[in-house]
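# Examination of the molecular architecture
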Amino acid sequence: MLERPIIQQRGFRNTTDDTGVTGFQLLLRNPNYRGIAGSLVDGADVVVDGHAFPREAQRWTLQGRTFTLDELRASTDVRWQLDETATLSVDHPGGLSAGTHRIEVAVRLRRPYIPEVAGPSVFRTATTATIVPADDGTPHGLRYGVSLYSYSGDLYTSMTLQDAMADIADLGATGIEILGEGNIPGYPHPVPAWIDTWHHLLDRYGLTPTNYGSWVDTAMWRDRDLTAEEGRAQLERDLRLAKLLGFTSIRPKFGVITPELDPHPIWQPAVERVLDLAADLDIVICPEIHSPTPIKHPVTQAYLDFIGRTGSDHFKLLIDTGIFQTAPVDDGHEGFDGKKRPAFLEPLAVSTSDLADVLPHVHFIQAKFFEIDDHLTDLHIPWHDILTTLRTAGWQGWLSSEYEGRREPYRGRDQVRRQHALLRSLNGSAGLE
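What counts, and at which threshold
- Residues numbered from 1 in each chain as written.
- Predicted model: local features only at pLDDT ≥ 70, side-chain atom pairs only at ≥ 80, totals over all residues.
- Heavy atoms only, no water.
- Helix = DSSP H or I, 4+ residues; strand = E, 2+ residues; numbered from the N terminus.
- Rg over C-alpha atoms; globule rule 2.2 N^0.38 Å.
- Buried < 20%, exposed > 50% of the residue type's maximum accessible area, 1.4 Å probe, protein only.
- Contact = heavy atoms within 4.5 Å.
- Axes fitted to C-alpha atoms, helices over the stretch in contact; angles between N-to-C directions.
- Parallel < 35°, antiparallel > 145°, perpendicular 65-115°, else oblique.
- Left-handed = near helix turned anticlockwise from the far one by under 90°.
- Nonpolar A, V, L, I, M, F, W, Y, C, P; charged D, E, K, R; others polar.
- Expected span 1.5 Å × (residues − 1).
- Arc of directions from axis to C-beta.
- Core = buried A, V, L, I, M, F, W, Y, C linked by side-chain atoms within 4.5 Å.
- UniProt positions renumbered as here; feature names shortened; annotations may be inferred.
- Polar contact = N/O pair within 3.5 Å; in protein donor to acceptor, adjacent residues only side chain to side chain.
- Pairing = 2+ DSSP bridges.
- Salt bridge = Lys/Arg side-chain N within 4 Å of Asp/Glu carboxyl O.

### Description of the overall build of the protein chain
Counting secondary structure elements, the protein chain contains 11 helices and 20 strands. Here the C-alpha atoms of the protein chain give a radius of gyration of 24 Å, agreeing with the 22 Å that 2.2 N^0.38 yields for 433 residues. Scored against the burial criterion, the 433 residues of the protein chain give a buried share of 53%. Counted over contacts in the protein chain with a minimum sequence separation of 6, partners at least 24 positions apart contribute 76%.

### Quick word on the packing of helix 2 (residues 161-170) against helix 4 (residues 192-205)
To characterise two packed helices, one gives the angle between the axes of the helices and the distance between these axes. Helix 4 packs onto helix 2 with a crossing angle of 20 degrees between their chain directions and a minimal axis gap of 10 Å. As the angle between them shows, helix 2 and helix 4 are arranged roughly parallel. Between helix 2 and helix 4 lies a crossing of right-handed hand. Contact residues: helix 2 offers Leu-161, Gln-162, Met-165, Ala-166 and Ala-169, while helix 4 offers Trp-194, Trp-198, Leu-201, Leu-202, Arg-204 and Tyr-205. Grouping the amino acids of the contact of helix 2 with helix 4 by side-chain chemistry returns 9 nonpolar, 1 polar and 1 charged.

### Considerations on helix 4
Its 14 residues place the ends of helix 4 20 Å apart at the C-alpha level, agreeing with the 20 Å of an ideal helix rising 1.5 Å per residue. Trp-194, Ile-195, Trp-198, Leu-201, Leu-202 and Tyr-205 are the residues of helix 4 that are buried. Seen end-on, helix 4 carries its buried residues on one side only, within an arc spanning 125 degrees. Those residues of helix 4 that are exposed and aimed more than 90 degrees away from the buried face are Pro-192, Ala-193, Asp-196, Asp-203 and Arg-204. Along its buried surface, helix 4 packs onto helix 2, strand 13 (175-179), helix 3 (180-183), strand 14 (208-216) and helix 5 (228-245).

### A look at the nonpolar core
Of all hydrophobic cores here, the largest spans 87 residues; its most connected members are Trp-198 and Leu-390. Discounting chain neighbours no more than four positions away, the residues touching Leu-390 are Leu-142, Leu-355, Leu-359, Ile-365, Trp-395 and Leu-399.

### Overview of the UniProt feature "domain: C-glycoside deglycosidase beta subunit" (unreviewed entry) in the protein chain
Look at the UniProt record and you will see "domain: C-glycoside deglycosidase beta subunit" (unreviewed entry) annotated at residues 2-113. Each end of residues 2-113 is marked by a C-alpha atom, and these two atoms are 27 Å apart; helix forms 4% of the span and strand 51%.

### Considerations on the side chain of Gln-8
In this fold, Gln-8 is placed in the segment before strand 1 (13-17). Residue Gln-8 is classed as buried on the basis of its relative accessible area, which comes to 4%. At 2.8 Å, the side chain of Gln-8 forms a polar contact with the backbone nitrogen of Glu-3. Residues contacting Gln-8, with those up to four places away along its chain left out, are Leu-2, Glu-3, Leu-27, Leu-28, Arg-29 and Thr-85.

### Quick word on the pairing of strand 2 (residues 20-29)
When you tally the buried positions in strand 2, you get 7 out of 10 residues, the bulk of the element. Summarising the sheet, strand 1 and strand 2 pair through 5 bridges and their orientation is antiparallel. In the strand pairing of strand 2, Thr-16 is matched with Val-21. Here strand 1 hands over to strand 2 after 2 residues, the two strands then running antiparallel side by side. Where strand 2 meets strand 9 (residues 85-91), 7 bridges bridge the pair, whose relative direction is antiparallel. Bridged to Gly-23 within strand 9 is Asp-91.

### As for the pairing of strand 7 (residues 65-68)
Pairing between strand 6 (residues 58-62) and strand 7: 4 bridges, direction antiparallel. What sits directly across from Arg-59, in strand 7, is Thr-68. Count of turn residues in the strand 6/strand 7 antiparallel hairpin: 2 residues, of which Gln-63 carries a positive phi of about 50 degrees.

### Things to note about the pattern of salt bridges
Inspection of the entire model under this criterion finds 31 salt bridges. For Asp-170, the salt bridge goes to Arg-13, with nearest N and O atoms at 2.1 Å. Highlighted residues: Asp-170 in helix 2 and Arg-13 in strand 1, separated in sequence by 157 residues. Relative accessible area serves as the criterion here: at 32%, Arg-13 is assigned to the partly exposed category. With its nearest N and O atoms 3.2 Å apart, the salt bridge here joins Arg-309 to Glu-272. Taken together, the residues span a long stretch of sequence, with Arg-309 in helix 8 (residues 298-310) and Glu-272 in helix 6 (residues 267-272) at a distance of 37 residues. Residue Glu-272 is classed as partly exposed on the basis of its relative accessible area of 38%. Within this structure, Asp-42, Asp-45, Arg-55, Asp-70, Arg-73 and Arg-108 form a network of salt bridges that share partners.

### Some details on the sheet that holds strand 2
An order of 1-2-9-6-7 is seen for the 5 strands of this open sheet, with the pairing classed as antiparallel. Strands with a single pairing partner mark the edges of an open sheet, and in this sheet they are strand 1 and strand 7. Strand-to-strand twist of the sheet, defined as the mean angle between neighbouring strand axes without regard to direction, takes the value 30 degrees.

### What about helix 11 (residues 411-427)?
Here helix 11 contains 17 residues, and its C-alpha end-to-end distance of 24 Å stays within 8% of the 24 Å for a straight helix at 1.5 Å per residue. Most of helix 11 sits inside the fold, with 16 of its 17 residues counted as buried.

### Some details on unusual backbone geometry
The omega angle of the peptide bond from Tyr-187 to Pro-188 is 5 degrees, so this bond is cis rather than trans. Phi is positive for Ala-349, which is not a glycine, with a value near 55 degrees. Mapped onto the elements, Ala-349 comes out in the loop between strand 18 (317-320) and helix 9 (352-358).

Put into structure tokens, the structure is as follows:
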């Protein structure tokens, strides 16, 4: 599915050949109301950060074939269809810097049925888009992924599951995290055709299933809570479904009984009853340390005590980086009428030294964030300190982007790109020196 703006966020990147970085490219949606012959494309005026690039320095790729502008004007057997993007490649030795750029494009089309006196058909558009740097190959052990939660509001409205996977791969990320009840059609019994499609798309986009988010709704009925055995049954159902889809960890979110997110006490017997199954399936059960619960807290300590008591390698911690938030988020949150700022959006400002203490027991990190500005500055989460702590400890595992900011259309997609540009820039060979 194409994005509504003419300039697509996906596909904006630097281009390379054997000599190095040679320029950059954009994907454009046909702005006309019908598809046209390639010969009717008269180029595009491109301005990036105030710098204009001549049309003569462009190459157009349509339907898998690449043309100079003169070749495209003379073409006889290629079209720009409404449901297909055109790739516009621009020569610019060294390419564009990592980060956000202001892009202005004026697409010029000829329409023979409109009198010449009316002048050329020019479709003008502008946007801010982000160049994500490639991994520099530094062996730091961190892997990049994205949670589909980041695309809430867009997924299933303006983008499909395939769009989300294509976006993740376009970032150069390789991990995909899902919410079982949020992202699996027909949950908890998806049809075989959907499962086949899921695995086909994983292969197509080179993605690895990482963490599967699940819930144990301890208060799902008004007159009683779940029993430990009922909690076990819910955990077993999601463990088996996670395995079927290729995931290696599962985050069970038990209902809570206090404002500090103390989980319902059935969590321990319910989890203990599925530890052998988790070992058989080779899936790690990862309860989440999420604001307003800090690392040094009885909830976290209870999880650590459970690890020590059971000795299981299939029960570890999941850290949500919202606990390191240093500034308030005042955008509100869906579903909280009358609440300007729920407790979990208050800055908890947990010290990264506390993170270092528990890292041996951390299996997965949800890279929670709320807003990254045009200068690649995160306004709330101290990424330099977090990444330094991970690198110093030699921690290896997934950083899975979890955007939880405002939900205007396409904003999550743009913000995830910004976060990956920030993390790659910081985590490069020189970024943390």
